[in-house]
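Each chain, letter by letter, is given below.
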Amino acid sequence: MPTVTSRDGTTIAYSRQGQGPALILVDGALCSRNFGPMPGYAARLANDFTVYWYDRRGRGESGDTTPYAIEREVEDLAAILAVAGLSAYLFGSSSGAALTLQGAARGLSFKKMILYEAPYVPVPQGGRTASQHVEALWALVRADKRGAAVTYFMSDVVGMPKFVAFFFRFAPMWSKLKAVANTLPYDLTIMADTAILDGKAKSVTVPTLVAGGGKSPPSLKAAVDRVAAAVPGSKVRYLEGETHNLRAEAAAGLMKEFFVEFEHRRTT
């Protein structure tokens, strides 16, 4: 297991697979290096890229240093970029897409990025804002109520029916979800920074594809359009038949199309 040390001394664990141009995958909430979509994506991309994916701080085999701040996670991503090479491509999914955008807006150097459904969704009438969700999740995490934090995230944040969220407690993955529940406030802190869309995102010059699923709900499609409007010159792509849980085949095809085409043009 290779590791790299972030600026504040936190150890960040990562995996590497394949050969070719460097490509970094950035996870969303409740995922870690060995749990979630990224290992499947990496396996399908390894013939075309050297793929890097990592445990975001507080997850898996990475360390954590308090207090949390978005800047620390951007520094973690910078540390992975330093290993992969500053000419890497980036793919971020969900809150990982929002983190990738934070990195671009704060001046990290890389070649090109895909932002898949960063969930800057409109707040429904009478609903809680991301900032309010942060406060609720911090209260649960500080009380060591990890299971309750996962259930709250699934039902109150994502919008899953409460009885469905409750039955996740009996699923084989429950222990893995609880293991990273302490980082849910981190994801919501990133999502609460909506000011980036009207501010620093306007200065991003990295070629960007903002993507979403054709079968995703209107709120996520609105979020895709909102991000695209914030990043100058960005392109938008909806993948037919896909949802927020982007399948590996579709994810790999999207990345190969957007990144390999760029690499081919650059070298011919």
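Just so you know, the residues in each chain are numbered from 1, in the order the chain's sequence is written. Local features in this predicted model are restricted to residues whose pLDDT is 70 or higher, and side-chain atom pairs enter the listing and the counts only when it is 80 or higher, whereas totals over whole chains, interfaces and linings include all residues. Excluded from the side-chain calculations are hydrogens and water; all other atoms, namely the structure's heavy atoms, are used.

A.B. asks: I'd love a proper account of the overall build of the chain, names of residues and values included.
C.D. replies: Check the secondary structure of the chain and you find eleven helices and eight strands. Here the chain has a C-alpha radius of gyration of 17 Å; the compact-globule value for 268 residues is 18 Å, and the two agree. Each of the three principal axes of the chain carries a C-alpha extent, and together these read 55 × 40 × 35 Å. Counting every position in the chain, which comprises 268 residues, the buried fraction comes to 51%. Considering only intrachain contacts with a sequence separation of at least 6, the fraction spanning at least 24 residues in the chain is 75%. Think of it this way: any DSSP run of H or I at least four residues long counts as a helix, any run of E at least two long counts as a strand, and we number them from the N terminus. With the radius of gyration taken over C-alpha atoms, the globule rule is written as 2.2 Å times the number of residues to the power 0.38. Think of it in three bands: residues with accessible area under 20% of the maximum for their type are buried, residues over 50% are exposed, and the middle band is partly exposed, with areas taken using a 1.4 Å probe on protein chains only. Any two residues whose heavy atoms approach within 4.5 Å at even a single point are treated as in contact.

A.B. asks: Account for the pattern of salt bridges, naming residues and giving values.
C.D. replies: In the sections that follow, a salt bridge refers to a side-chain nitrogen of Lys or Arg positioned within 4 Å of a carboxyl oxygen of Asp or Glu. Within the structure shown, the criterion is met by 14 salt bridges. Notably, a salt bridge pairs Arg33 with Asp55, separated by 3.3 Å at the nearest N-O pair. Linking Arg33 in the loop between strand 3 (22-26) and helix 1 (38-45) with Asp55 in the loop between strand 4 (50-54) and helix 2 (70-84), this pair joins segments that are 22 residues apart in sequence. Assigned by exposure class, Arg33 and Asp55 land together as buried. The partner of Asp48 in a salt bridge is Lys256, with the nearest N and O atoms 3.5 Å apart. Placement of the pair is Asp48 in the loop between helix 1 and strand 4 and Lys256 in helix 11 (residues 248-267), with a sequence separation of 208 residues. On the basis of relative accessible area, Lys256 is assigned to the partly exposed category, the value being 30%. Connected through shared salt-bridge partners, Arg56, Arg59, Glu73 and Asp187 make up one network.

A.B. asks: Provide a residue-level description of the packing of helix 4 (residues 130-142) against helix 5 (residues 146-157), including the pertinent values.
C.D. replies: Viewed as axis vectors pointing N to C, helix 4 and helix 5 meet at an angle of 160°, and their least axial separation amounts to 9 Å. Between helix 4 and helix 5, the crossing angle belongs to the class labelled roughly antiparallel. For the pair helix 4 and helix 5, the sense of crossing is right-handed. On helix 5, the residues that touch His133, Ala136, Leu137, Leu140 and Val141 of helix 4 are Ala148, Ala149, Tyr152, Asp156 and Val157. Think of each axis as a best-fit line through the C-alpha atoms, taken over the contacting stretch in the case of a helix, with angles from 0 to 180 degrees between the N-to-C directions. The labels follow the angle: roughly parallel below 35 degrees, roughly antiparallel above 145, roughly perpendicular from 65 to 115, and oblique for the rest. The hand of a helix crossing depends on one turn: near helix anticlockwise from the far one by less than a right angle means left-handed, and clockwise means right-handed.

A.B. asks: Which residues make up the pairing of strand 7 (residues 208-213), and what values go with them?
C.D. replies: Of all six residues in strand 7, six are buried, a share of seventy percent or more. Burial along strand 7 is two-sided: the face carrying Thr208, Val210 and Gly212 and the face carrying Leu209, Ala211 and Gly213 are both buried. Whether two strands pair comes down to DSSP finding at least two bridges between them. As paired elements, strand 6 (residues 112-116) and strand 7 share four bridges and run parallel to each other. In the strand pairing of strand 7, Leu115 is matched with Val210. Between strand 7 and its parallel partner strand 8 (residues 235-239), the chain crosses via helix 10 (residues 218-230), and the hand of that crossover is right-handed. The crossover handedness rule: strands pointing away from the viewer, path from first strand over the helix to second strand clockwise, crossover right-handed.

A.B. asks: So, the packing of aromatic side chains: which residues are in play, and what are the values?
C.D. replies: By convention, a stacked pair of Phe, Tyr or Trp rings (six-membered ring in the case of Trp) has centres within 6.5 Å and planes under 30 degrees apart, an edge-to-face pair has planes over 60 apart, and any other such pair is tilted. Overall, the coordinates contain eleven aromatic pairs when judged by the stated rule. For the pair Tyr89 and Phe259, a centre-to-centre distance of 4.6 Å together with 15° between the ring planes defines the contact as stacked. In this pair, Tyr89 is assigned in strand 5 (residues 89-93) and Phe259 in helix 11, connecting sequence segments 170 residues apart. Classification of Tyr89 by relative accessible area gives buried; the value is 0%. You can call Phe259 buried: its relative accessible area is 0%. The ring of Phe258 is capped by Lys112, whose NZ or CZ atom sits 3.8 Å from the centre of that ring. In this scheme, Lys NZ or Arg CZ marks a charge over a ring once it lies within 6 Å of the ring centre and within 35 degrees of the ring normal.

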